[in-house]
Amino acid sequence: RCLLRHGRCDAPRWISKGAAGLLVVGLSAASPSARSLAYEAVAALMAVLRNGPSFRERPHVVRLLRSLQDAITKPNLRVPSLWSVFVAHGLAILAQPHHPQYKALNNYILTRAFFDLSDVPMFFHCFHSGSSTPRDDRLWMLALLSHGLRAEEDARLCGGRRRRRG
């Protein structure tokens, strides 16, 4: 937290090594105090991204984090684990432009003003898009579900609700 607050953070390295993703996953913590610390750390990371040196992936990273930020409607809201894991995976993907999900993730981010935290991220794309790599898309989604289904509210996102395109 101290490194972020003082701007002594190599943001591209934090993103590529997964540290930024860990901060985002903290937004799903059961403990309100742990969640509050995670919110503070993510806000500090956003300030570093806004005011720090530029790097190639920065606009995409900022857009991903801003889409999550804009979906949060209450202070210290417990973000569904499925979404925090999605954003953490998304940060790692954005650090690797050659990743098979890079283009689909960017399209997903750019077509939404904010994320709908009551839906499964990129579900429609991964299972119904007709992409040239449907097997890879589905395996990625299944891995996301495997890592992100941690609480009852995560299961409710997947449970029998009608699916909107997304």
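Before any of the text, the structure's been laid out above.
Every chain is numbered independently, its residues counted from 1 as its sequence is written. pLDDT decides what is reported in this predicted model: residues at 70 or higher carry local features, side-chain atom pairs at 80 or more are listed and counted, and totals for whole chains, interfaces and linings draw on all residues regardless. Hydrogens and waters are ignored; side-chain quantities use all the structure's heavy atoms.

Engineer: Explain the packing of helix α6 (residues 81–94) against helix α9 (residues 134–148) here, please?
Structural biologist: In a packed pair of helices, the relevant descriptors are the angle between the two axes and the axis-to-axis distance. Interaxial distance between α6 and α9 falls to 8 Å at its minimum, and their mutual angle equals 130°. The pairing of α6 with α9 is recorded here as oblique in orientation. Of the two elements, α6 crosses α9, and the hand of that crossing is right-handed. Taken together, the residues of α9 that come into contact with α6 (itself represented by Ser81, Leu82, Val85, Phe86, His89 and Ile93) are Trp140, Leu144, Leu145, His147 and Gly148. Residue classes in the contact of α6 with α9 are distributed as 7 nonpolar, 4 polar and no charged. Where helices are involved, their axes are fitted lines through C-alpha atoms of the stretch in contact, as for all axes, and angles between N-to-C directions lie from 0 to 180°. Secondary structure elements are defined from DSSP: runs of H or I of at least 4 residues count as helices, runs of E of at least 2 residues count as strands, and each element is numbered from the N terminus. Here is the rule for angles: anything less than 35 degrees is roughly parallel, anything more than 145 is roughly antiparallel, 65 through 115 is roughly perpendicular, and the remaining ranges are oblique. Each crossing is labelled by how the near helix is turned from the far one, with a counterclockwise turn of less than a right angle marking it left-handed and a clockwise turn marking it right-handed. Any two residues whose heavy atoms approach within 4.5 Å are treated as being in contact. Lys, Arg, Asp and Glu make up the charged group, whereas Ala, Val, Leu, Ile, Met, Phe, Trp, Tyr, Cys and Pro make up the nonpolar group; the residues left over, Gly among them, are polar.

Engineer: What exactly am I supposed to notice about unusual backbone geometry here?
Structural biologist: Glycine aside, residues mostly have negative phi, and peptide bonds are mostly found in the trans state. At Asn76, a residue that is not glycine, the phi angle is positive and equals roughly 60°. By the secondary structure assignment, Asn76 is in the loop between α5 (58–71) and α6. Accessibility here uses a 1.4 Å probe with only protein chains present; expressed as a share of the type maximum, an area under 20% marks a residue as buried, one over 50% as exposed, and anything in between as partly exposed. Judged by its relative accessible area of 26%, Asn76 falls in the partly exposed class.

Engineer: Looking at this structure, I do not really get the packing of aromatic side chains. What am I missing?
Structural biologist: Each aromatic ring pair is described using two quantities: the centre-to-centre distance and the angle formed by the ring planes. Each pair of aromatic rings taken from Phe, Tyr and Trp, with Trp reduced to its six-membered ring, is defined by centres within 6.5 Å and is described as stacked if the planes are under 30 degrees apart, edge-to-face if over 60, and tilted in the remaining cases. Across all of its chains, the model carries 6 aromatic pairs by this definition. Here the aromatic rings of Tyr108 and Phe115 are separated by 5.9 Å at their centres, their planes lie at 25°, and the arrangement is stacked. As far as the burial class goes, Tyr108 and Phe115 line up, both buried. Each member of the aromatic cluster is reached from another via a ring pair, and the members are Trp83, Phe86, Tyr108, Phe115 and Trp140.

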